[in-house]
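# Coordinate inspection notes
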Amino acid sequence: MEDEILQLSDVTVHFPVKMSLAQRLFSQKSVVHAVDRVSFSLRSGEIMGLVGESGCGKTTVGKTSVRLIEPTSGRIFFAGHDITHTRGEQLRRLRKKMQIVFQDPHASLNPAMTIGEAILHPLSIHRLELGSLELGRDTFEQWAVKKVLSTMTEVGLTPAKHLYYKYPGDLSGGQKQRAVIARAIITEPKLLVVDEGVSMLDMSVRAKILQLMLDLKRRHGLTYLFITHDLATAKFICDRIAIMYLGRIVEIGLARKIYADPKHPYTKALLQAIPIPDPDKRHNKVLPRGEVPDAVHPPAGCRFHPRCPAVLATCGWEGRDFVDFLDEHLSDPNRAGDDESILGPIEGWRADGLVATLKANPVNVEKVVERVKAVLAEAPIAMTQAIESVSGRNRTVTVRFRSPDQLLQTNVQDRLVECLLYQ
Amino acid sequence: MTEAAAQQQTEQPLERSSSSVGRLLDLLIQQRRSLAGAMFWIGVVVFFSFIFIGLAAPLIAPYNPQSIFLTPPSQPPTLQHLMGTDDLGRDIFSRVLWGTRSSLEIVAIGSVLALIVGFPVGLFSGYVGGWIDRGLVLVMDSVYAFPGLLLAAIVALFLGKGVFNIGIAITVIYVPTYFRVTRNHTISVREETFVEAARALGANSMTILWSYIAYQVLISIPVVFSLSAADAILTAAGLSFLGLGLERPAPDWGLDLSDAQKFLSSGAWWSSVFPGVMIIIFTVGIAFLGEGLSDIANPLLRKERA
C-alpha cells in the first residue's frame with residue numbers, strides 16, 4: 001500500500017544466551033525468544049502504541065523497525081521498500097528518514113558535545129545528501145546552525161542561542177528530552193520511534209512533551225511508533241495500539257475500541273490493573289497469576305496461558321505445567337498429605353514437550369499412576385482436562401498431554417486478537 | 001528590529017558553560033586541602049619544577065657537567081661545589097641538573113609514543129571486539145606479563161644506547177598499559193545509549209569512534225600517563241644503572257649512581273646520594289600527581305555516568 005510507512009511482516013528476533021564454554025559443549029544452543037512472528041503496519045500520519053510489560057519485547061520491536069537490531073527472520077518494509085537487508089551506505093542514508101528517541105534522555109546525549117553540536121551532528125553526518133558540496137562549507141555551516149537554532153526554538157528549547165553552548169549535564173530532564181527530539185527531527189524523518197520517550201519524566205513535563213510530539217506530528221507529518229508500558233499515556237496519544245506479551249502481539253486495533261472493550265484476557269487484565277483514583281470504586285480484579293515466564297523457554301501455544309484467568313484445556317498445556325502443578329500441590333501441607341512420599345521428590349520428574357515422566361520403582365509404578373490420577377481428579381482446572389493419559393510402563397510413569405489447538409489471529413470487532421476464546 | 005540586527009543576535013553565542021575538563025579543574029582547585037588534592041598539587045609543583053630545571057639546565061648549572069676540575073677528585077660538598085665532585089672531579093650539582101634533562105627526554109619519548117600506539121589500538125580493539133580483540137589482548141597481555149625492566153633491557157640491548165633508543169624500550173613496556181585502559185573503557189562506553197543513538201542517526205563507525213567514544217575514553221588517560229611516567233623514570237634510571245642506558249660521559253642519574261656506588265665504601269656518600277634523591281623526588285612527585293588526579297577524577301567520572 002502506498003501510504004504505509006512501516007510494515008513488519010513475521011518479524012522474529014532471537015538473542016543467543018551467553019553460555020560458558022562447558023555449557024556450549026554439553027547443551028544445545030538456547031536463545032531468548034525476544035520477538036516471535038510479529039506483524040503490523042503503520043499508516044502515514046498515524047500514532048501506533050506498542051504496549052506491554054517490561055521484557056515483552058516491545059523495545060526490541062522498536063529497534064528492529066529502525067534496523068538497530070537485525071531480525072532473525074521476517075521482513076521489514078519502509079515506505080514500500082524492503083529494508084530487511086539494506087546495509088552500508090544505503091542504510092546510512094535511510095536513517096535520515098527514520099529516527100528513534102530512547103527512554104533516557106541523559107544517556108542518549110554525548111556528555112562531551114554541547115546541545116547545539118549534538119543537534120547539528122545529524123546534519124553534518126548527512127551533509128552530502130543535504131548538499132554541502134553545492135553550497136560550500138561555510139554556507140552549509142551557516143545554514144546548519146540556523147536550522148539547529150530554529151529547530152531548538154520549535155521544540156521549546158529557548159532561548160536557543162543561550163542553550164546552544166550548554167552541555168547535557170547543565171539541562172533538566174525535560175530540556176534534554178526536547179534536545180533529543182530536536183536531534184531526531186532535524187533531518188525531517190518520516191517515522192519516529194519513541195521508545196518509552198516520556199517514562200523517565202515528571203508528570204507535569206510528560207504532558208508537555210506529549211503535547212510537543214502531537215504538535216510536531218501535525219506540522220511535519222510524522223508517523224510515530226510509540227512504545228510504552230504506561231496505558232494512560234498510550235490512551236492519550238495513540239490512534240491504534242498493539243498489546244504485546246512475551247514477544248507476541250496478542251491484540252491490535254483502534255485504541256478507543258480496545259480501551260472501551262478489551263477482548264484478549266491479557267489486555268483485560270492490563271486495563272484492570274490501572275488504578276482508579278476513587279476509593280469507593282473497588283471492583284473485583286482478575287489479575288494474572290504468577291510471573292512473566294522465562295523468554296528462553298516460552299510456554300507452548302498461547303504464551304499467556306499459564307497465567308490466564310480464562311484459560312481453556314486446549315491453550316497449550318504441556319509436561320512442565322504438570323510438574324509446576326505438582327510442585328505447588330506438594331508444597332501445600334493441607335492437600336499434599338502423604339503424596340510427597342509417593343509422587344516426590346519433585347526433582348525426579350522430567351518434562352519434555354507434551355509429556356512429563358518419573359522414573360519409579362517398578363513395584364510402585366501402579367501406585368504412582370493411581371495417586372496422580374487421584375490428585376488430578378481433585379483439581380478440576382483447565383490443565384487437568386488437557387491431559388490425555390496417565391500411564392505406567394516398566395519403570396516409568398508418563399503423563400501425556402493432548403496437542404494444543406492451533407492459535408490464529410482472529411478478527412473480532414475491528415481488531416485482531418490472538419486467543420482461542422474467539423476462534 | 002531589522003533583519004540584520006536579528007541576524008547579528010543569532011550569531012552571537014552567549015555564555016559557554018563548563019565542559020567536563022573545566023569541571024575537573026574546578027574540582028581540583030576546590031579540593032586542594034583534601035589529601036588527594038594536596039597530593040595532586042604537590043605533584044604538579046614537583047613536575048613543573050623538574051621541567052623548568054630540565055629546560056633551564058644550561059642557565060642554572062654553575063659548570064659544564066663534563067668539565068673536570070683539577071682539584072683532587074671526590075671533594076665533599078662545599079660552597080664552590082654545592083654537591084661536591086665525583087671521582088673524576090666533575091661538579092655533581094651541575095651533573096644532577098643536566099641529568100634531569102635526559103630523564104625528561106626519555107620519559108617524554110617513552111610515554112608519548114606509548115600513548116600514540118596504545119590509545120588508538122585500544123580504541124580499535126575495544127570497538128570491533130571479536131577475535132581481533134581477543135588476539136590483541138593476548139599479545140598485549142603477554143608483553144604485560146614480562147617484568148618491565150627485563151623487557152626494556154632486552155629491547156635496549158638490541159637497539160643500543162642513546163636517549164631515543166631508551167625511549168623506545170620504555171614505549172614497549174607501557175603500550176600494554178595504555179592499551180588495556182583504553183580498551184576496557186572503550187568497551188564500557190561502546191554500550192552507552194548515546195553511541196546507539198549515534199548509530200541510529202546514521203553515523204559511521206569512524207565518526208562514532210572519534211566523535212563519541214574517543215573523547216570519553218581520553219578522560220582516563222592523564223591518570224595512566226602520570227602513573228606510567230613515574231614508573232618510566234625508575235626504569236630509565238635502572239637501564240642506565242645496568243649500563244644499557246646512556247653512554248658515558250653523558251650526565252644521567254642512573255649512570256652517575258652506578259659509577260658512584262663503588263666509592264660509597266670509601267665514604268664518598270655525596271656522589272651517590274644526590275642523583276638518588278633526584279630520582280626519588282621526581283618519581284614520587286609524578287606518582288603523587290597521578291594518584292591525586294585519579295582519586296579526584298574517578299568520582300567525577302562516576303558521577304557523570306549516573
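Residues numbered from 1 in each chain as written. Chains lettered and ligands numbered in written order. Predicted model: local features only at pLDDT ≥ 70, side-chain atom pairs only at ≥ 80, totals over all residues. Heavy atoms only, no water.

### Observations concerning the overall build of chain B
Helices and strands together make up the secondary structure of chain B, namely twelve helices and zero strands. Counting helices and strands in the order they occur from the N terminus, chain B gives α-α-α-α-α-α-α-α-α-α-α-α. With respect to the principal axes defined by its C-alpha atoms, chain B has extents near 85 × 55 × 35 Å. In chain B, which comprises 306 residues, the proportion classed as buried is 47%. Here the contacts in chain B between residues at least 6 apart in sequence split such that 72% fall between residues at least 24 apart. Just so you have it, chain B exposes about 15000 Å², and 68% of that area is on carbon and sulfur atoms. (Helix = DSSP H or I, 4+ residues; strand = E, 2+ residues; numbered from the N terminus. Buried < 20%, exposed > 50% of the residue type's maximum accessible area, 1.4 Å probe, protein only. Contact = heavy atoms within 4.5 Å. Areas by Shrake-Rupley, 256 points an atom, 1.4 Å probe, with all protein chains shown as cover.)

### Some remarks on the domain arrangement of chain A
Partitioning chain A into structural domains gives domain 1 (1-97 + 189-302 + 412-423), domain 2 (117-187) and domain 3 (319-401). One C-alpha centre belongs to domain 2 of chain A, the other to domain 3 of chain A; they are set 65 Å apart. (Domains from an automatic or database assignment.)

### So, the layout of surface pockets
All names here are of chain A. The computed volume of the largest pocket comes to approximately 650 Å³. Lining the largest pocket are 25 residues, with Arg-289, Pro-306, Trp-317, Asp-324 and Glu-328 positioned closest to its centre. Looking at the lining of the largest pocket, the elements with two or more residues in it are α14 (319-330) and α18 (382-385). Top element by residues in the lining of the largest pocket is α14. It accounts for six residues. Taken domain by domain, the makeup of the lining of the largest pocket includes at least three residues from each of domain 1 (1-97 + 189-302 + 412-423) and domain 3 (319-401). (1 Å grid on protein atoms, 1.4 Å probe; cavity = no way out; pocket = protein on both sides within 12 Å on 5 of 7 lines; lining within 4 Å. Points joined across faces, edges and corners; volume = space filled by probe spheres on them.)

### Thoughts on the pattern of salt bridges
Opposite charge on two side chains makes pairing possible when the charged atoms of those side chains draw close. Under the counting rule described, the total for this entry stands at 27 salt bridges over all chains. Residue Glu-70 of chain A pairs with Arg-67 of chain A through a salt bridge whose shortest N-O separation is 2.8 Å. For Arg-67 of chain A, a relative accessible area of 2% puts it in the buried group. Arg-90 of chain B is the partner of Asp-86 of chain B in a salt bridge, and the nearest nitrogen-oxygen pair spans 3.1 Å. For the pair shown, Asp-86 of chain B and Arg-90 of chain B are each scored as buried. Overlapping salt bridges, with partners in common, bring together Glu-89, Arg-92, Arg-93 and Glu-129 of chain A in one network. (Salt bridge = Lys/Arg side-chain N within 4 Å of Asp/Glu carboxyl O.)

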